[in-house]
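Letter by letter, the chains look like this.
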Amino acid sequence: MNPKAYAVLILVTTLAMGLAFPVGRIGLDYAPPFLLMSVRFVIAGLIMAAFTARRPKPKGFSSWLRIALIGTLGSAGVMGCSYYSMRWVTSGESAILIFVNPLLVILFGALFMKTKYRILQWAGVALGFAGVFCTMGAHLSMNPGTLISLFGACCFAASSLLTKRWGQAFDTWVLSGYQMLFGGIVLGLMSALFEHPRIAFGSGFYFSLVWLVLVNSILQFSGWSYLLQRGDPAKTNAFLFLAPFFGVIGGAALLGEPLHAYVAAGGAMICAGIFLVNWRGTASRSVPATVERA
């Protein structure tokens with residue numbers, strides 16, 4: 001792949017990943033988090049389902065159940081937790097915490113899939129979690145938003161491992177579209193149960209929704225998949241550290257969120273940890289530390 005085109009596509013996709021958090025925070029002024037994410041994923045899922053109408057579909061109830069589980073964890077769990085956590089934490093802090101996913105993939109892969117990793121990768125895990133501690137102000141009194149974001153990161157890691165185990169049996173685009181659709185349905189049910197689902201239509205809502213559907217749910221996934229297919233997956237995954245950086249900067253630029261020194265320092269440590277985990281390592285070949293949606 002042309003190096004300049006590769007660099008541009010890396011910047012565009014990671015920028016989109018990071019900006020999903022402050023842009024989504026704008027949408028939360030018009031709709032509750034579960035409802036906003038439900039509308040986003042249902043629309044994106046339907047668009048992708050129409051796009052993949054002639055592609056081979058899964059056969060059997062168990063195959064559809066696997067896609068539904070991936071969607072429940074990867075779309076509903078990750079983004080539902082991420083946006084719900086913004087009641088207590090800034091969009092930048094939520095982005096940092098959600099993107100510890102590659103570190104959790106290492107832990108879960110070693111615990112549940114008996115995957116072997118190098119010492120350098122474990123050093124990255126230790127550095128990353130030290131960064132989480134620093135991001136929280138170097139104290140252990142976590143607020144609900146922190147815990148919810150970390151739970152979302154756990155959902156992210158679990159969906160990555162399940163996608164690695166089951167994903168080869170499905171068409172990539174079919175899996176993407178229908179897991180978003182299933183995730184959107186789950187989020188809609190959660191909204192009906194736990195929220196007062198209503199939308200205050202306005203320019204901010206339309207901007208947020210269009211961005212999340214077209215840029216984050218479709219274009220970002222397409223670009224990232226292209227990078228993984230045409231480039232070195234291990235090298236490509238190493239650039240995930242840019243996404244939380246863009247999330248923090250985007251939160252400060254779009255929302256005026258304060259950029260505390262300890263948040264910046266913790267974010268830098270997490271980025272360095274993810275870099276060590278992914279750079280020329282075996283993790284991307286054994287378990288995916290990738291981001292397909294944000």
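Everything discussed here concerns the structure shown above.
The sections below set out a description of the structure shown in this document. (Residues numbered from 1 in each chain as written. Predicted model: local features only at pLDDT ≥ 70, side-chain atom pairs only at ≥ 80, totals over all residues. Heavy atoms only, no water.)

### Focus: the overall build of the protein chain
Check the secondary structure of the protein chain and you find 13 helices and zero strands. When the helices and strands of the protein chain are read in sequence order from the N terminus, they spell out α-α-α-α-α-α-α-α-α-α-α-α-α. Among the 294 residues that make up the protein chain, the fraction classed as buried is 55%. Within the protein chain, counting contacts between residues at least 6 apart in sequence, those at least 24 apart form 90% of the total. A total accessible area of about 12,700 Å² is found for the protein chain, and carbon and sulfur atoms account for 70% of it. (Helix = DSSP H or I, 4+ residues; strand = E, 2+ residues; numbered from the N terminus. Buried < 20%, exposed > 50% of the residue type's maximum accessible area, 1.4 Å probe, protein only. Contact = heavy atoms within 4.5 Å. Areas by Shrake-Rupley, 256 points an atom, 1.4 Å probe, with all protein chains shown as cover.)

### Quick word on the pattern of salt bridges
A pair can form between side chains of opposite charge whenever their charged atoms are brought close. On inspection of all chains with the given rule, the structure shows two salt bridges. For Asp29, the salt bridge goes to Arg25, with nearest N and O atoms at 3.1 Å. A salt bridge links Arg55 to Asp171; the shortest N-O distance between them is 3.0 Å. You can see Arg55 sitting in the loop between α2 (33–51) and α3 (61–85) and its partner Asp171 sitting in the loop between α7 (144–166) and α8 (172–194), a full 116 residues away along the chain. On the basis of relative accessibility, which here comes to 33%, the residue Arg55 falls in the partly exposed class. Assessed through its relative accessible area of 18%, Asp171 is described here as buried. (Salt bridge = Lys/Arg side-chain N within 4 Å of Asp/Glu carboxyl O.)

### Some thoughts on the packing of helix α1 (residues 3–27) against helix α11 (residues 242–255)
Contact geometry of α1 with α11 gives a least axis separation of 7 Å together with a crossing angle of 45°. One way to sum up the angle between α1 and α11 is to call them oblique. Read as a crossing pair, α1 and α11 show a hand that is right-handed. Residues Ile10, Leu11, Thr14, Leu15, Met17, Gly18, Leu19, Pro22, Val23, Arg25 and Ile26 of α1 form the contact with α11, whose participating residues are Leu242, Ala243, Phe246, Gly247, Gly250, Gly251, Leu254 and Leu255. (Axes fitted to C-alpha atoms, helices over the stretch in contact; angles between N-to-C directions. Parallel < 35°, antiparallel > 145°, perpendicular 65-115°, else oblique. Left-handed = near helix turned anticlockwise from the far one by under 90°.)

### Observations regarding α11
Spanning 14 residues, α11 covers 19 Å between terminal C-alpha atoms, matching the ideal 20 Å at 1.5 Å per step. Burial in α11 covers these residues: Leu242, Ala243, Pro244, Phe246, Gly247, Val248, Gly250 and Gly251. In the stretch just after α11, Gly256 is the one whose phi turns positive, near 70°. (Expected span 1.5 Å × (residues − 1).)

### Considerations on the nonpolar core
Grouped together as the largest cluster of nonpolar side chains are 69 residues, with contacts concentrated most on Leu36, Met37, Tyr83 and Val100. Among all residues touching Tyr83, those that are not within four sequence positions of it are Ala20, Phe21, Gly24, Arg25, Leu28, Pro33, Leu36, Met37, Arg40 and Leu212. (Core = buried A, V, L, I, M, F, W, Y, C linked by side-chain atoms within 4.5 Å.)

### Some remarks on the packing of α3 against α8
Pairs of packed helices are described in terms of their axes, by the angle between the two and the distance that separates them. Packing of α3 against α8 leaves a shortest axis separation of 7 Å and a crossing angle of 65°. Judged by the sense of rotation from one axis to the other, the crossing of α3 with α8 is right-handed. Within the contact between the two elements, α3 uses Trp64, Ile67, Ala68, Ile70, Gly71, Thr72, Ser75, Ala76 and Gly80 and α8 uses Leu175, Tyr178, Gln179, Met180, Phe182, Gly183, Val186 and Leu187.

### Some details on the side chain of Ser217
Along the chain, the position of Ser217 falls in helix α9 (residues 203–230). At 2.8 Å, the side chain of Ser217 forms a polar contact with the side chain of Arg40. Here Leu212 takes part through its backbone oxygen, which lies 2.9 Å from a polar atom of the side chain of Ser217. Sequence-distant contacts of Ser217, defined by excluding residues within four places in its chain, comprise Arg40, Phe41, Ala44, Met180 and Leu212. (Polar contact = N/O pair within 3.5 Å; in protein donor to acceptor, adjacent residues only side chain to side chain.)

### Things to note about the side chain of Asn216
When you line up the elements, Asn216 lands in helix α9. Using a relative accessible area of 0% as the deciding quantity, one classes Asn216 as buried. Only 3.0 Å separates the side chain of Asn216 from the side chain of Trp211, close enough to count as a polar contact. At 2.9 Å, the side chain of Asn216 forms a polar contact with the side chain of Gln220.

### Things to note about a nonpolar patch on the surface
The grouping of Ile43, Ile47, Val210 and Leu214 at the surface amounts to a nonpolar patch, some 310 Å² of accessible area in total. Positionally, Leu214 belongs in helix α9. Accessibility expressed as a relative area gives 43% for Leu214, which makes it partly exposed. (Patch = residues over 30% accessible without salt bridge, like charges linked within 9 Å, V, L, I, M, F, W, Y side chains within 5 Å.)

Just distances and angles here, no functional claims.
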